[in-house]
Amino acid sequence: MNGEWGDAWPDAGSGRHWHEECGVFGAWGCDHAAQLTYYALYALQHRGQESAGIATVDGGEMFHHRGLGLVAEVFGPEDLERLAGKAAVGHVRYSTTGANKLVNAQPMVFDVHGGPLALGHNGNLVNAGVLRRELEDQGSIFQSTSDTEVVAHLIARHRGGSLVDAIVDSLRTVQGAYAFVFLTPDGLVAARDPQGLRPMALGRFGSGWVVASETCAFDTIGAEFVRDIEPGELLVINGGGVQPVRFAEASRKALCTFEYIYFARPDSDIDGRNVHLVRKAMGKRLAEEAPTEADVVIGVPDSSISAAVGYAEAAGIPYEMGLIKNKYIGRTFIQPSQALRERGVRLKLNPVRKVVEGKRVVMVDDSIVRGTTSRRIVQMLRDAGAREVHVRISSPPVRFPCYYGIDTSAREELLAARLSVEEMTRAIGADSLAFLSEDGMLQALGAGPEAAGRGQGGPGDTFCNACFHGRYPTRLYDDLGKHVMEMAAHRGGYS
Ligand code: SF4
């Protein structure tokens, strides 16, 4: 869906309440590293639209530029010109923790151990609150409200050993989801959390190296994919090449399934799976699990299109472009008044009347969060003349919030946490409603039942599905830093 969970209904005043997280990129030994990073961030723009930034090193000097807005709004040619050097890190951000202010934009740049350090982070650290309080008690002064700064302070306070030792020790202290890029005059460091909740890959660009949240960034700049970074692995990249360091045992791998369902770009491959093909397989499986008599299948653009095509193929019903999205509604967009909304002003999505009029329509979407958006789309299709609207969701019901960098609604706001499928069907005004089962989703991912995260798990290829069943793959903490045992233990999950 690439951006519309948060802003699908700027004209509705509320709606999907999930947002993407962030995107990170790093380059080492690459000519025009800042320009390269700029284009890579363009490819990762769907992961965050609130701020963008690039830091580079040239000799011992670091340069950086950050700003609020889209990549195209933040950087001009003269900014890129100033960012000298053959090494860079870049970041696009959606603020899951910390307000959308310039101080929270990344990469953050600090002086540590007598030299500059830039860092960019995708994910959310579940123990950042308690670590921050401890650090503040010990005299650390924070510049931002972002959880990412905790890592910079941990690195700065580390005594003895190299900077890589300091990064390793800091990463062993934090818990949660992360893909980190660190840049110093001596090298680029990329790290992925021990559960592999957030994706990150290594690529080759000429004689240099690149890392990115998603492989679509490599395709965009003409880099060659080398491999995914392993959970609990850190890569030190410098003139000597790429040195892997395992800083944590890969316990249970728990890649976020929503990377496949919604967040990532369809042309990206994550941990060996192409996002479009996984979505299509989810749609096929959904058609097998929840068939219906219909004349046409449509998808809610953009992220549900692949699943809709899969559903249509498996069901033998024609796929059509039944909803059109306006992609040009930016951050500074002026929301219409209630009166205009009531007059039917629709800015983001519009049905193709000739496609749906008089038809029995299957509307495939990737998820239901609060239900507001689904209800409005169903109504919109009926207003356009659809005879029946059967809603098919290519993921299981979302019943629990995310603590790993995805901005979800509170549990009580999640429609599926409160209502049965029958009640949800009535709430969104559909003729029928069905969700993909969890087993069906895992099969579409090419994973066996052991991937469901139903036990303590082994080192197998597994996923985080906590927003479906509430079994979180890491410890969780309350605001006071107390380990929230019951969140996992009461649900038979991890503690
Ligand atoms: S809780 Fe859901 S959205 Fe969050 S990391 Fe796990 S699967 Fe992804």
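Every chain is numbered independently, its residues counted from 1 as its sequence is written. The predicted origin of the model limits local features to residues at a pLDDT of at least 70 and limits the giving and counting of side-chain atom pairs to 80 or more, whereas totals for whole chains, interfaces and linings rest on all residues. Heavy atoms from the whole structure form the basis of all side-chain values; hydrogens and water molecules are not counted.

(A) Examining the confidence of the model for the protein more closely. pLDDT is a residue-level measure of predictor confidence that goes from 0 to 100. Confidence in the prediction of the protein, expressed as mean pLDDT, is 87, and 85% of residues score 70 or more. Contact between two residues is taken to exist if any of their heavy atoms lie within 4.5 Å; hydrogens are not considered. Every residue in residues 1-17 is under pLDDT 50, and counting partners more than four places away or in other chains gives 79 contacts. This model gives residues 485-495 a pLDDT under 50, and the stretch forms 26 contacts once residues within four places in sequence are excluded.

(B) Just the site of the ligand, in detail. The nearness test applies per residue and asks whether one of its heavy atoms lies within 4 Å of the molecule or strand. Neighbouring the ligand are the residues Leu-197, Arg-198, Cys-256, Thr-257, Phe-258, Cys-402, Tyr-404, Ile-406, Cys-464, Ala-466 and Cys-467. In this structure the site holding the ligand corresponds to the largest cavity. Starting at the N terminus, helices and strands are each numbered in turn, a helix being any DSSP run of H or I of at least four residues and a strand any DSSP run of E of at least two. Counting residues per element, the ones that place at least two in the shell around the ligand are helix H9 (257-263) and helix H18 (466-469). Within this scheme a cavity is a closed region of a 1 Å grid, computed over the protein atoms alone, that accommodates a 1.4 Å probe without allowing it to escape, whereas a pocket is open but has protein on both sides within 12 Å along at least five of seven lines; lining residues each have an atom within 4 Å of a point. Think of it this way: a molecule belongs to a cavity or pocket when more than half its atoms come within 2 Å of the grid points there.

(C) Focus on the sheet that holds strand E17 (residues 296-299). One open sheet holds the 4 strands; their spatial order is E17-E20-E21-E22, and the pairing between them is parallel. Only two strands of the sheet have a single partner each, and these edge strands are E17 and strand E22 (432-435). Adjacent strand axes in the sheet meet at a mean angle of 20°, parallel and antiparallel pairs treated alike. Lying on the sheet, helix H14 (residues 372-383) is in contact with E17, strand E20 (360-365) and strand E21 (388-393); it crosses E21 at an angle near 150°. Structural elements are reduced to axes, namely lines fitted to C-alpha atoms, with helices fitted over the stretch in contact, and the angle between N-to-C directions of any two is expressed from 0 to 180 degrees. Across the face of the sheet, helix H16 (residues 421-428) comes into contact with E21 and E22 while running at roughly 130° to E22. Only when DSSP finds a minimum of two bridges between them are two strands counted as paired.

(D) Focus on the sheet that holds strand E7 (residues 176-184). Read across the sheet, 6 strands follow the order E5-E6-E7-E8-E12-E13 without closing on themselves; strand pairing throughout is antiparallel. Both edges of this open sheet fall to strand E5 (108-112) and strand E13 (241-246), since each of them pairs with a single strand only. Each adjacent strand pair in this sheet contributes to an overall mean axis angle of 20°, direction not counted. Pairing of E7 with strand E8 (residues 187-192) involves 6 bridges; the strand directions are antiparallel. When the bridges of E8 are listed, Leu-183 appears paired with Leu-188.

(E) Representation of the side chain of Asp-365 within the structure. If you trace the backbone, Asp-365 turns up in strand E20. Relative accessible area decides the class of each residue, using a 1.4 Å probe on protein chains only: under 20% of the type maximum gives buried, over 50% gives exposed, and in between gives partly exposed. The buried category is assigned to Asp-365, whose relative accessible area is 0%. Residues adjacent in sequence count toward polar contacts only when both atoms are side-chain atoms; beyond that, a polar contact is any pair of N or O atoms within 3.5 Å, and within protein one must be able to donate a hydrogen and the other to accept it. Here Ser-304 takes part through its side chain, which lies 2.9 Å from a polar atom of the side chain of Asp-365.

(F) Up close: the pairing of strand E9 (residues 201-205). As paired elements, E9 and strand E10 (residues 208-212) share 5 bridges and run antiparallel to each other. Counted as the bridge partner of Phe-205 is Gly-208 from E10. Remark: 2 residues form the turn of the hairpin made by E9 and E10, two consecutive strands paired antiparallel; Gly-206 in that turn has positive phi of roughly 60°. Note: E9 against strand E11 (residues 224-228), 4 bridges, orientation antiparallel. Note that in E11 the partner of Arg-204 across the bridge is Glu-224.

(G) Spatial organisation of the packing of helix H10 (residues 275-289) against helix H11 (residues 305-315). In the contact formed by H10 and H11, the axes pass within 6 Å of each other and the chain directions differ by 45°. The orientation of H10 with respect to H11, classified from their angle, is oblique. For the pair H10 and H11, the sense of crossing is right-handed. The residues of H11 that touch H10, namely those facing His-276, Arg-279, Lys-280, Gly-283, Lys-284, Leu-286 and Ala-287, are Ser-306, Ala-307, Val-309, Gly-310, Tyr-311, Glu-313, Ala-314 and Ala-315. When residues are grouped by polarity, Ala, Val, Leu, Ile, Met, Phe, Trp, Tyr, Cys and Pro land in nonpolar, Asp, Glu, Lys and Arg in charged, and all others, Gly among them, in polar. Tallied by class, residues from the contact of H10 with H11 come to 7 nonpolar, 4 polar and 4 charged. Angular relationships are summarised with four words: roughly parallel below 35 degrees, roughly antiparallel beyond 145, roughly perpendicular across 65 to 115, and oblique for the angles in between. Handedness of a crossing is defined here by the sense of rotation of the near helix relative to the far one, left-handed for an anticlockwise turn of less than a right angle and right-handed for a clockwise turn.

(H) Up close: the pairing of strand E3 (residues 61-68). When strand E2 (residues 51-58) meets E3, the two strands line up antiparallel, connected through 8 bridges. In the strand pairing of E3, Ala-55 is matched with His-64. The hairpin turn running from E2 into E3, its antiparallel successor, is 2 residues long, and Gly-59 in that turn takes a positive phi close to 65°.

(I) Here's a closer look at the nonpolar core. We define a nonpolar core as any set of buried Ala, Val, Leu, Ile, Met, Phe, Trp, Tyr and Cys residues linked to one another through side-chain atoms lying within 4.5 Å. In this structure, Phe-258, Tyr-260, Met-282, Val-297, Tyr-404 and Leu-445 are the most contacted members of the largest nonpolar core, which totals 48 residues. Going through the elements one at a time, strand E14 (255-256), H9, H10, H11, E20, helix H17 (438-444), strand E23 (463-464) and H18 are the ones with two or more residues in this core.

(J) Representation of the packing of aromatic side chains in the model. Only Phe, Tyr and Trp rings are paired, with Trp represented by its six-membered ring, and only when their centres lie within 6.5 Å; those with planes under 30 degrees apart are stacked, over 60 edge-to-face, the remainder tilted. Evaluated as defined, the whole model comprises 12 aromatic pairs. Pairing Phe-180 with Phe-182 gives two aromatic rings, centres 5.2 Å apart and planes at 25°, and the pair type is stacked. The same class applies to Phe-180 as to Phe-182, namely buried. An angle of 35° between the planes, with centres 5.6 Å apart, marks the rings of Phe-258 and Phe-468 as tilted. Residue Phe-258 is found in helix H9, and its partner Phe-468 is found in helix H18; the two are separated by 210 residues along the sequence. Phe-258 gets classed as buried once you look at its relative accessible area, which sits at 1%. Aromatic rings pair up to connect Tyr-38, Tyr-39, Tyr-42 and Phe-75 into one cluster. For a ring to carry a charge above it, either NZ of a lysine or CZ of an arginine must fall within 6 Å of the ring centroid while also lying within 35 degrees of the normal to the ring plane. Over the ring of Phe-142 we find Arg-132; its NZ or CZ atom is 4.2 Å from the centre of that ring. Lying across the ring of Trp-209, Arg-204 places its NZ or CZ 3.8 Å from the centre.

(K) Representation of empty space enclosed by the protein in the model. Grid points are joined across faces, edges and corners, and a volume is the space filled by probe spheres set on the points. Applying the stated criterion across every chain yields a total of 4 cavities of 30 Å³ or more. Each pocket or cavity is described by its volume, and for the largest cavity that value is around 90 Å³. Lining the largest cavity are 15 residues, with Cys-256, Cys-402, Cys-464, Ala-466 and Cys-467 sitting closest to its centre. Counting only elements with at least two residues in the lining of the largest cavity, the list comes to H9 and H18.

(L) Structural detail: the environment of Val-378. Along the polypeptide, Val-378 turns up in helix H14. The exposure class of Val-378 is buried, given its relative accessible area of 1%. Spatially, the C-alpha atom of Val-378 lies 9.9 Å from that of Val-361, the residues being 17 residues apart in sequence.

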